[in-house]
Amino acid sequence: MATIHLHQTTTATPDQFLAGITDFGPGRSKIFPNSADGYLKVHSQGSGQADVTEGSNGIWERLHYDWSDPRRITMTTTDSNVWGGRSGHTYTLTPRPDGKTDVDAVVVREGKNFKGRVLAVVVGTGGKQVLGKALGKTIKAIEARNS
């Protein structure tokens, strides 16, 4: 199992960041490069939660999104072709006095089969750099849509 901790700062407000990562419409890959439109399926969505399948490049996962606390967004993997166990993502958004927002992200990857276990090792060894770059792209995309 791999657990990656990331921290970045954005000019977006917590509400703008939340709106970006919970926008399940077409073009989601502009916010999340690893969420191709062809994989995207919203099973249900309500106030503060959603059940969504997304992925790319042959890897998909069904996630339960919970933003009942809009400063803490959890995405728990409920099904996947590679991820299982305690897999998921958690974003904690902390507004700063200068108007910026600190974004703390925790990504947990636990493989449920051989491919998943191999990918979890890869994520555990080089994932911080790759996932950090992906978070940076997400932040830039959210900032761009709000400027």
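Here the structure is a predicted model, which is why all the values come from computation and not from measurement.

### A closer look at the packing of aromatic side chains
So, step 1. Throughout the structure, instances matching the rule amount to 2 aromatic pairs.
So, step 2. Between phenylalanine 24 and tyrosine 65 the ring centres are 4.9 Å apart and the planes differ by 80 degrees, which places this aromatic pair in the edge-to-face class. Linking phenylalanine 24 in the loop between helix H1 (14-21) and strand E2 (41-46) with tyrosine 65 in strand E4 (residues 59-69), this pair joins segments that are 41 residues apart in sequence. Summarising the burial analysis for this pair, phenylalanine 24 and tyrosine 65 share the class buried.

### A short note on the sheet that holds strand E5 (residues 72-80)
So, step 1. Taking strand neighbours across the sheet as the criterion, the 7 strands line up as E1-E7-E6-E5-E4-E3-E2 in an open arrangement whose pairing is antiparallel. Here the strands that pair on one side only, and so sit at the sheet edges, are strand E1 (2-10) and E2. The average angle at which neighbouring strand axes cross in this sheet is 20 degrees, direction not considered.
So, step 2. Where E1 and strand E7 (residues 101-109) come together, 9 bridges link them in antiparallel fashion. Its bridge partner being in E7, threonine 3 is matched across the sheet by valine 108.
So, step 3. Sheet strands in contact with helix H2 (residues 114-145) are E1, E4, strand E6 (88-95) and E7, and its direction is about 10 degrees off that of E1.

### A word on the pairing of strand E3 (residues 49-56)
So, step 1. In terms of residue burial, E3 counts as a mostly covered element, since 7 of its 8 residues are buried.
So, step 2. Linking two consecutive strands that pair antiparallel, namely E2 and E3, is a turn of 2 residues; a positive phi of about 80 degrees is found at glycine 48 within it.
So, step 3. As paired strands, E3 and E4 are joined by 8 bridges and run antiparallel to one another. Note on E4: the bridge partner recorded for glutamine 49 is aspartate 66.
So, step 4. The antiparallel hairpin formed by E3 and E4 contains 2 residues in its connecting segment, where asparagine 57 sits at a positive phi of about 50 degrees.

### Looking at the pattern of salt bridges
So, step 1. All told, the structure shown has 9 salt bridges when counted by the stated rule.
So, step 2. Where arginine 62 meets aspartate 51, a salt bridge forms, and the shortest distance between an N and an O atom there is 2.5 Å. With a gap of 11 residues between them, arginine 62 in strand E4 and aspartate 51 in strand E3 connect regions that are remote in the sequence.
So, step 3. Residues arginine 96 and aspartate 98 are paired through a salt bridge, measuring 2.6 Å at the closest nitrogen-oxygen approach.
So, step 4. Under the relative-accessibility criterion, arginine 96 is labelled partly exposed at 28%.
So, step 5. For aspartate 98, a relative accessible area of 46% puts it in the partly exposed group.
So, step 6. Three or more residues joined by partner-sharing salt bridges are found here, namely Arg96, Asp98 and Asp102.

### A look at unusual backbone geometry
So, step 1. One non-glycine residue, asparagine 57, adopts positive backbone phi at about 50 degrees.
So, step 2. Within the secondary structure, asparagine 57 is located in the loop between E3 and E4.

### Observations regarding the environment of threonine 138
So, step 1. Along the chain, the position of threonine 138 falls in helix H2.
So, step 2. Considering only alpha carbons, one finds threonine 138 and leucine 6, 132 residues apart in sequence, at a separation of 13 Å.
So, step 3. Discounting chain neighbours no more than four positions away, the residues touching threonine 138 are Ile21, Ile31, Phe32 and Pro33.

### With respect to a nonpolar patch on the surface
So, step 1. The grouping of Phe114, Val118 and Val122 at the surface amounts to a nonpolar patch, some 300 Å² of accessible area in total.
So, step 2. In this structure, phenylalanine 114 sits in helix H2.

Definitions and cut-offs
- Residues numbered from 1 in each chain as written.
- Predicted model: local features only at pLDDT ≥ 70, side-chain atom pairs only at ≥ 80, totals over all residues.
- Heavy atoms only, no water.
- Phe/Tyr/Trp six-rings, centres within 6.5 Å; stacked < 30°, edge-to-face > 60°.
- Helix = DSSP H or I, 4+ residues; strand = E, 2+ residues; numbered from the N terminus.
- Buried < 20%, exposed > 50% of the residue type's maximum accessible area, 1.4 Å probe, protein only.
- Pairing = 2+ DSSP bridges.
- Axes fitted to C-alpha atoms, helices over the stretch in contact; angles between N-to-C directions.
- Contact = heavy atoms within 4.5 Å.
- Salt bridge = Lys/Arg side-chain N within 4 Å of Asp/Glu carboxyl O.
- Patch = residues over 30% accessible without salt bridge, like charges linked within 9 Å, V, L, I, M, F, W, Y side chains within 5 Å.
- Areas by Shrake-Rupley, 256 points an atom, 1.4 Å probe, with all protein chains shown as cover.

Purely spatial values, then, with no claim about function.
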